[in-house]
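Now for the letters of each chain:
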Amino acid sequence: MQDIQIFDAMERFLGYFQAIKERSPLTIREYRYDLVLFFRFMQRLRGNVKPELPFDQIKIADIDDDFLRSITLTDFYAYITWLSRERKCSPATRARKISALKSFFSYLKHKAFILNENPAVELESPKLIKKQPRYLSLEESERLLDAAEQNTTQWSARDYCILTLFLNCGM
């Protein structure tokens, strides 16, 4: 993502998240991306930019405290719907974006004291379907052990024992 000018409250939030909450640089980068995407969406939703302006060129540096105070739960729902329909984001991706929004708006209320009410407090994440682990069949397990047994390095016996332990313990 190109270096985009962001507004002061967002810059302070990202600094807080990195310095105080000690989030990784990757988390900070992803939250930055998620928040920029949301505020670009909001600029377009509110009609603050020309509809033909490419999405990645929408400026957000001029967002102020009044704009932040005007955001409602309905705006979040519109954004999540847009992510699902237009951007084809998976439930896990939408959940991460919601987490970024909830953290940011909590910061605005409890740390920056910009908001009197947190509009994201009632925002729910989509239900995530847990993937079932994939187990090896008996034939696959046997082929794996055969391959380890045929390996003729100094570590062959060790590898065979490790695989046997893993397979017998369901690891």
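Heads up: these notes are all about the structure in this document. Please read these numbers as outputs of a predicted model, since none were measured by experiment.

**Some details on the overall build of the protein**
A tally of regular secondary structure across the protein gives 7 helices and 0 strands. Put simply, the protein runs from its N terminus to its C terminus through helices and strands in the order α-α-α-α-α-α-α. Projected onto its principal axes, the C-alpha coordinates of the protein cover approximately 70 × 35 × 30 Å. With 171 residues in all, the protein has 34% of them scored as buried. Counting contacts in the protein only where the partners sit at least 6 residues apart, residues at least 24 apart contribute 62% of the total. Carbon and sulfur atoms make up 53% of the accessible area of the protein, which totals about 11400 Å². Across the protein, the centroid of the 26 positively charged side chains sits 3 Å from that of the 23 negatively charged ones.

**Notes on the packing of aromatic side chains**
On inspection of all chains with the given rule, the structure shows 19 aromatic pairs. On the numbers, 6.4 Å between centres and 90° between planes, the contact of Phe38 with Phe105 is edge-to-face. Taken together, the residues Phe38 in helix H2 (residues 25-45) and Phe105 in helix H5 (residues 91-110) connect sequence positions 67 residues apart. With relative accessibility at 0%, the residue Phe38 sits in the buried group. A relative accessible area of 0% places Phe105 in the buried class. Sitting over the ring of Phe17, Arg23 keeps its end group 4.9 Å from the ring centre.

**Some words on unusual backbone geometry**
Not every positive phi belongs to a glycine, and Glu22 is a case in point at roughly 55°. Counting through the fold element by element, Glu22 comes out in the loop between helix H1 (8-19) and H2. At Lys88, a position not held by glycine, the phi torsion is positive, near 55°. Along the chain, Lys88 turns up in the loop between helix H4 (73-85) and H5. A residue is classified by how much of its surface remains accessible, and Lys88, at 67% relative accessible area, is exposed.

**Digging into the packing of H2 against H4**
Here H2 crosses H4 at 105°, and the two axes come no closer than 11 Å. By the criterion of interaxial angle, the relationship of H2 to H4 is roughly perpendicular. Of the residues in H4, those touching H2 at Asp34, Leu37, Phe38, Phe41, Met42 and Leu45 are Asp75, Phe76, Ala78, Tyr79, Trp82 and Leu83. Here the contact of H2 with H4 is built from residues that sort into 10 nonpolar, no polar and 2 charged.

**Description of the nonpolar core**
Counting residues in hydrophobic clusters, the biggest one holds 43 residues, and the most contacted among them are Met10, Phe39, Leu68, Phe104 and Phe105. When residues of this core are traced back to their parent elements, those giving at least two are H1, H2, helix H3 (65-69), H4 and H5. At 9 residues, H2 tops the list of elements feeding residues into this core. Setting aside its immediate chain neighbours within four residues, Phe104 contacts Phe7, Ala9, Met10, Phe13, Leu35, Phe39 and Leu68.

The rules behind the values
Throughout, a residue's number is its position along its own chain's written sequence, starting from 1. Only residues with pLDDT of 70 or above have their local features reported here, since the model is predicted, and side-chain atom pairs are shown and tallied only from 80 upward, although totals for entire chains, interfaces and linings are computed over all residues. In computing side-chain values, all of the structure's heavy atoms are included and hydrogens and water are not. Here a strand is any run of E in DSSP of at least two residues, a helix any run of H or I of at least four, and the numbering for each starts at the N terminus. In this scheme, a residue with accessible area under 20% of its type's maximum is buried, one over 50% is exposed, and one in between is partly exposed, where area comes from a 1.4 Å probe on protein chains only. Contact between two residues is taken to exist if any of their heavy atoms lie within 4.5 Å; hydrogens are not considered. All accessible areas in this document rest on Shrake-Rupley with a 1.4 Å probe, and a residue is counted as covered only by the protein chains that are shown. Think of it this way: Lys and Arg go in the positive column, Asp and Glu in the negative one, and His and the chain ends go nowhere. Where a charge lies is defined by one atom per residue type, namely NZ (Lys), CZ (Arg), CG (Asp) and CD (Glu). Between the rings of Phe, Tyr and Trp (Trp by its six-membered ring), a pair exists once the centres lie within 6.5 Å; its type follows the angle of the planes, with under 30 degrees stacked, over 60 edge-to-face, and the other angles tilted. The criterion is that NZ of a Lys, or CZ of an Arg, lies within 6 Å of the ring centre and within 35 degrees of the ring normal, and then a charge sits over that ring. The angle between two axes is taken between their N-to-C directions and runs from 0 to 180 degrees, where each axis is a line fitted to C-alpha atoms and a helix contributes only its stretch in contact. Reported orientations rely on four angle classes, namely roughly parallel under 35 degrees, roughly antiparallel over 145, roughly perpendicular from 65 to 115, and oblique for the rest. When residue character is reported, Ala, Val, Leu, Ile, Met, Phe, Trp, Tyr, Cys and Pro are called nonpolar, Asp, Glu, Lys and Arg charged, and the others, Gly included, polar. Remark: nonpolar core denotes a set of buried residues (Ala, Val, Leu, Ile, Met, Phe, Trp, Tyr, Cys) joined through side-chain atoms within 4.5 Å.

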